[in-house]
Amino acid sequence: MNKVVNNADEAIHDINNGAVLMVGGFGLCGLPENCIAALVKKNVNGLTCISNNAGVDDFGIGLMLKQRQVKKMISSYVGENAEFERQLLSGELEVELIPQGTLATRCLAAGYGMPAIFTPAGIGTEVAEGKEVRNFNGKDYLMEMAFNADFAIVKAWKGDTTGNLVYRSTARNFNPVMAMAGKVTIAEVEELVPAGELDPDHIHTPGIYVHRIFEGKDYEKRIEQRTVRAES
């Protein structure tokens, strides 16, 4: 089966209204920029987005929030997006805040085919309201369900035509666990090479998890909070 598509528009063609979507990246690092731009252009709406954060007002998921494409955000950090805050406080946007480790592990559980995990994170807080708690060896654990996402859109540094992916440095972040977890995983890469050119020891996501892949273009790779050393 040929996994290679020509561009982001082809890759996201069947992401329709009401889809549950995992979006890789952390802050503005490792974002599937081309896929997000294609979703903005398509103007698909009613989306549930599972992402560590909501981008900023004019970049990342923030672009979809601006167009009211997102119905619900499932995230661990959302502090850099004024439009997100406005929609949350006005009741326009449903939000589920999750401890960051729980977010990652619920992605991992979905990729491993596990229905749920047990974690001590959130015990005794609002996070635990309405959820099952079990005691193991004298300690309470909260049951969290694995995610059930229709699609995962991820970004890698290099990929090959069979879908194997290599991430670079901190852009690895949530991308590998989300690539495992989507029913359909769409990968955009900075460089697409023929099968066999990637060192097997350096592959982070095996191609078996990836359904579509394409070589992206015009990456901005913004820095969310640029910090530099003051001149002495």
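- Within an unreviewed UniProt entry, the label attached to the protein chain reads CoA transferase subunit A, and the organism entered is Mucilaginibacter mali.

1. Digging into the packing of aromatic side chains
Given two aromatic rings, one states the distance between the centres and the angle between the planes to describe the pair.
Next up, step 1: Scanning all chains against the criterion turns up three aromatic pairs.
Next up, step 2: When the centroid spacing of 5.2 Å and the interplanar angle of 70° are considered together, the rings of F118 and F136 count as edge-to-face. In this pair, F118 is assigned in strand β5 (residues 116–119) and F136 in strand β6 (residues 133–136), connecting sequence segments 18 residues apart.
Next up, step 3: Overall, F136 belongs to the partly exposed group, its relative accessible area being 36%.
Next up, step 4: Pairing F136 with Y141 gives two aromatic rings, centres 5.7 Å apart and planes at 70°, and the pair type is edge-to-face.
Next up, step 5: Among the aromatic residues, those joined into a cluster by ring pairs are F118, F136 and Y141.
Next up, step 6: The aromatic ring of W157 is capped on one face by K158, whose charged end is 4.9 Å from the ring centroid.

2. So, the pattern of salt bridges
Next up, step 1: Within this structure, the stated rule accounts for 15 salt bridges.
Next up, step 2: Across the pair R212 and D14 runs a salt bridge, and its minimum N-O distance is 2.7 Å. Taken together, the residues span a long stretch of sequence, with R212 in strand β11 (residues 212–215) and D14 in the loop between α1 (8–11) and β1 (20–23) at a distance of 198 residues.
Next up, step 3: Residue R212 is classed as buried on the basis of its relative accessible area, which comes to 14%.
Next up, step 4: With relative accessibility at 26%, the residue D14 sits in the partly exposed group.
Next up, step 5: E83 serves as the salt-bridge partner of R86, at 3.0 Å between the closest nitrogen and oxygen. Residue R86 and its partner E83 are both found in helix α4 (residues 82–90); the two are separated by three residues, about one turn of the helix.
Next up, step 6: Each member of the salt-bridge network shares a partner with another, and the members are K72, E94, E96, R106, K131 and E144.

3. Remarks on unusual backbone geometry
Next up, step 1: Despite not being glycine, N43 has its phi angle at roughly 60°, a positive value.
Next up, step 2: The residue N43 is located in the loop between α2 (33–42) and β2 (47–50) in this model.
Next up, step 3: Relative accessible area serves as the criterion here: at 40%, N43 is assigned to the partly exposed category.
Next up, step 4: Even without being a glycine, S169 presents a positive backbone phi close to 50°.

4. Digging into the sheet that holds strand β7 (residues 139–145)
Next up, step 1: Spatially, β5-β7-β6 is the arrangement adopted by the three strands of the open sheet, whose pairing is antiparallel. A strand with exactly one partner marks an edge of an open sheet, and here the two such strands are β5 and β6. In this sheet, neighbouring strand axes are inclined to one another by 35° on average, regardless of whether the strands run parallel or antiparallel.

About the cut-offs
Residues numbered from 1 in each chain as written. Predicted model: local features only at pLDDT ≥ 70, side-chain atom pairs only at ≥ 80, totals over all residues. Heavy atoms only, no water. Phe/Tyr/Trp six-rings, centres within 6.5 Å; stacked < 30°, edge-to-face > 60°. Helix = DSSP H or I, 4+ residues; strand = E, 2+ residues; numbered from the N terminus. Buried < 20%, exposed > 50% of the residue type's maximum accessible area, 1.4 Å probe, protein only. Lys NZ or Arg CZ within 6 Å of the ring centre and 35° of its normal. Salt bridge = Lys/Arg side-chain N within 4 Å of Asp/Glu carboxyl O. Pairing = 2+ DSSP bridges. Axes fitted to C-alpha atoms, helices over the stretch in contact; angles between N-to-C directions.

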